[in-house]
Amino acid sequence: MVLRIRKPHKGGILIEFTFSIPVCIALLFFVNDHYRFYELKNKIRNLAYLIASMVQHVTNTHTDKQLTLSDLARISYASSLNLFHTNAMFSPYPLGIYFLTHYLYVKKNDNGNYQHQVCSITTGRGKPAVNSLFDGMNKAMNSSTKTPSEIEAIHPDLVCDKVGEERLLIRCYYHVPIGRDELFKSQLGFHILKPSIGVGGNFLGKKESFIYELVISPKPGLFPVKDS
């Protein structure tokens, strides 16, 4: 007589494998999102340093070293190619985001207050020009006088020690076009994570996932920027 032992757990491995599939897929999505998140953060950081280098050297061959608003537009456009390609930073925004840079220049006056100038360059709200892509950059400039406490509130590293000292804050963002905040996640290649990114002109400040600030001492004569 042959005794046959019945296996009560027949198919258990298959059931365990079936339950493990969703876990494995979720883990793969998380790994992908984690890599993509830090890739974009690293790109915005590198972009800020690239801008700083170009600001310091772009007018080296010019007789007049002072920067213009068009110079900053060229610099922002060229640096944004670190992530975007050709006109991908313009409408219709195939990556679901556009690029924004603030150049905040300060100079300490002899009365203790600061000369303050903000130049904003963005690829939002516009399409690239036919002849020169950088001409499609949206440009704005504003000049004012601020107190030391106001400058410190903007960024502590902007506070100068000596009269006549200059500082420049380069602030780089990725932003989502208005009405596209539900689409940029998939367009950027995220599956699970949804990074915090400002929509249109609404900034989230330090809560934004893709923002980088860099303070430098510009070469004498570069600033304030000329509106041309």
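Quick summary incoming for the structure in this document.

Here is what the cut-offs are and how they apply
Residues numbered from 1 in each chain as written. Predicted model: local features only at pLDDT ≥ 70, side-chain atom pairs only at ≥ 80, totals over all residues. Heavy atoms only, no water. Helix = DSSP H or I, 4+ residues; strand = E, 2+ residues; numbered from the N terminus. Buried < 20%, exposed > 50% of the residue type's maximum accessible area, 1.4 Å probe, protein only. Areas by Shrake-Rupley, 256 points an atom, 1.4 Å probe, with all protein chains shown as cover. Pairing = 2+ DSSP bridges. Axes fitted to C-alpha atoms, helices over the stretch in contact; angles between N-to-C directions. Core = buried A, V, L, I, M, F, W, Y, C linked by side-chain atoms within 4.5 Å. Phe/Tyr/Trp six-rings, centres within 6.5 Å; stacked < 30°, edge-to-face > 60°.

### Focus: the overall build of the protein chain
In terms of regular secondary structure, the protein chain is built from four helices and five strands. Walking the protein chain from its N terminus toward its C terminus, one meets helices and strands in the order α-α-β-β-β-α-β-α-β. The buried share among the 228 residues of the protein chain stands at 40%. Of the accessible surface of the protein chain, which amounts to about 13000 Å², a share of 58% is contributed by carbon and sulfur atoms.

### Considerations on the sheet that holds strand β2 (residues 114-122)
Spatially, five strands are ordered β3-β2-β1-β4-β5 in an open sheet, and the strand pairing comes out antiparallel. Here the strands that pair on one side only, and so sit at the sheet edges, are β3 (138-146) and β5 (211-216). Put simply, the sheet's adjacent strands are angled 15° from each other on average, direction ignored. Summarising the sheet, β2 and β3 pair through nine bridges and their orientation is antiparallel. Bridging across to β3, Cys119 finds its partner in Met141.

### Considerations on the nonpolar core
One finds Ile51, Val55, Ile97, Tyr103 and Tyr174 to be the most contacted residues of the largest nonpolar core, which totals 41 residues. The set of elements that each furnish at least two residues to this core consists of α1 (12-57), α2 (69-80), β1 (98-108), β2, β4 (166-175) and β5. Among the elements that make up this core, the one with the highest residue count is α1 (eight residues). Within the second largest apolar cluster, eight residues are counted, among which are Val106, Ile151, Cys160 and Leu169.

### Focus: the pairing of β2
Burial analysis of β2 places eight of its nine residues in the buried class, the great majority of the element. Two strands pair when backbone bridges link them, and β1 and β2 are joined in this way by nine bridges, in the antiparallel orientation. Bridge pairing links Lys108 to Tyr114 in β2. Counting the residues in the hairpin turn of β1 and β2 gives five residues, including Gly112, whose phi is positive at 95°.

### Describing the packing of aromatic side chains
Evaluated as defined, the whole model comprises eight aromatic pairs. Aromatic side chains Phe37 and Tyr38 sit 5.3 Å apart centroid to centroid with 80° between the ring planes, which places their arrangement in the edge-to-face category. Taking the relative accessible area as the measure of exposure, Tyr38 reaches 48% and is therefore partly exposed. Centroid distance Tyr105 to Phe223: 5.1 Å. Interplanar angle 15°. Geometry classified as stacked. Placement of Tyr105 in strand β1 and of Phe223 in the segment after β5 is noted, with a sequence separation of 118 residues between them. Residues Tyr105 and Phe223 agree in their burial class; the two are buried. Pairwise contacts between aromatic rings join Phe37, Tyr38, Phe84, Tyr174 and Phe210 into one cluster.

Spatial relationships are all this shows, so hold off on functional conclusions.
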